[in-house]
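Coordinate inspection notes
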Amino acid sequence: QVQLIESGGGSVQAGGSLRLSCAASGRTFSSYAMGWFRQAPGKERESVAAISGSGGSTYYADSLKGRFTISRDNGNGKNTVYLQMNSLKPEDTAVYYCAARGDKLWSTKKNAYDYWGQGTQVTVSS
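Everything in this summary refers to the structure shown in the same document. (Residues numbered from 1 in each chain as written. Predicted model: local features only at pLDDT ≥ 70, side-chain atom pairs only at ≥ 80, totals over all residues. Heavy atoms only, no water.)

1. So, the state of the cysteines
Disulfide: a covalent bond formed between the sulfur atoms of two cysteine residues. Note the threshold: In this description, the term disulfide denotes a pair of cysteine sulfurs within 2.5 Å. Counting from the N terminus, the helices are the DSSP runs of H or I reaching at least four residues and the strands are the DSSP runs of E reaching at least two. Per-residue accessibility, obtained with a 1.4 Å probe over protein chains only, is compared with the maximum for each type, and a residue is labelled buried under 20%, exposed over 50%, and partly exposed between these values.
Summed over the entire model, instances satisfying the criterion amount to one disulfide. Disulfide pairing places Cys-22 opposite Cys-98 at an S-S distance of 1.9 Å. Handedness of the Cys-22-Cys-98 disulfide follows from its S-S torsion of about 45°: it is right-handed. Of this pair, Cys-22 sits in strand E3 (residues 18-24) while Cys-98 sits in strand E9 (residues 94-101), placing them 76 residues apart in sequence. Accessibility expressed as a relative area gives 0% for Cys-98, which makes it buried.

Have a look at this one:
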């Protein structure tokens, strides 16, 4: 069982930055690929970024490349995945979720992930 706790959301003006964190319980964090998803009101939950268990492979949604960076800290007991979001736009407004997959390889599919955090709200104003 993995518990995920997100933090770092909030309100920011367009062009600003936020860093989301997702702390995971458990001692085998590096065995799990991690993903960040987001869901805007009235829209489907979509994949934002993902990272392999080792951190050596990453994925970004095409529209977010160059603005968002996913990373993870498997060491020192931190067990945390991050999403650095720069040059934020109003269309980035959504609830952001982190998810853990019981596989070292990432996926962009929601149903490939076994554990989900509670979500953190990101609001970008123009």
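2. Points about the pattern of salt bridges
Under the convention used in this document: Salt bridges are defined as contacts in which a side-chain nitrogen from Lys or Arg sits within 4 Å of a carboxyl oxygen from Asp or Glu.
This model, assessed by the stated rule, comprises five salt bridges. A salt bridge links Arg-38 to Glu-46, with the nearest nitrogen and oxygen atoms 2.7 Å apart. Its relative accessible area of 8% is what places Arg-38 among the buried residues. Given a relative accessible area of 38%, Glu-46 falls into the partly exposed group. In this structure, the salt-bridge partner of Arg-38 is Asp-92, at a minimum N-O distance of 2.9 Å. Placement of the pair is Arg-38 in strand E4 (residues 33-39) and Asp-92 in the loop between strand E8 (80-85) and E9, with a sequence separation of 54 residues.

3. Some details on the environment of Val-95
Summarising the element assignment, Val-95 is placed in strand E9. Taking C-alpha positions, Val-95 is 25 Å from Gly-26, a pair spaced 69 residues apart along the chain.

4. Side note on the environment of Val-2
Our working definition: Contacts between residues were defined by any pair of non-hydrogen atoms, one from each residue, lying within 4.5 Å.
Summarising the element assignment, Val-2 is placed in the segment before strand E1 (4-7). For the pair formed by Val-2 and Thr-28, sequence separation is 26 residues and the distance between their alpha carbons is 9.4 Å. Leaving out residues up to four positions away in the same chain, Val-2 has contacts with Ala-24, Ser-25, Tyr-32, Ala-100 and Tyr-115.

5. Thoughts on the nonpolar core
As a reminder of what qualifies: The nonpolar core is taken to be a set of buried Ala, Val, Leu, Ile, Met, Phe, Trp, Tyr and Cys residues, with the residues joined through side-chain atoms within 4.5 Å.
Among the nonpolar cores identified, the biggest contains 30 residues, and Leu-4, Met-34, Trp-36, Leu-83, Met-85 and Tyr-96 are the most heavily contacted of them. Elements supplying a minimum of two residues to this core: E3, E4, strand E5 (46-51), strand E7 (68-73), E8, E9 and strand E11 (120-125). Here Tyr-96 is in contact with Glu-6, Leu-20, Trp-36, Phe-37, Arg-38, Val-48, Phe-68, Leu-83, Met-85, Gly-119, Thr-120 and Val-122, once residues within four sequence places are set aside. Membership of the second largest hydrophobic core comes to five residues, among which are Ala-50, Ala-99, Ala-112 and Tyr-113.

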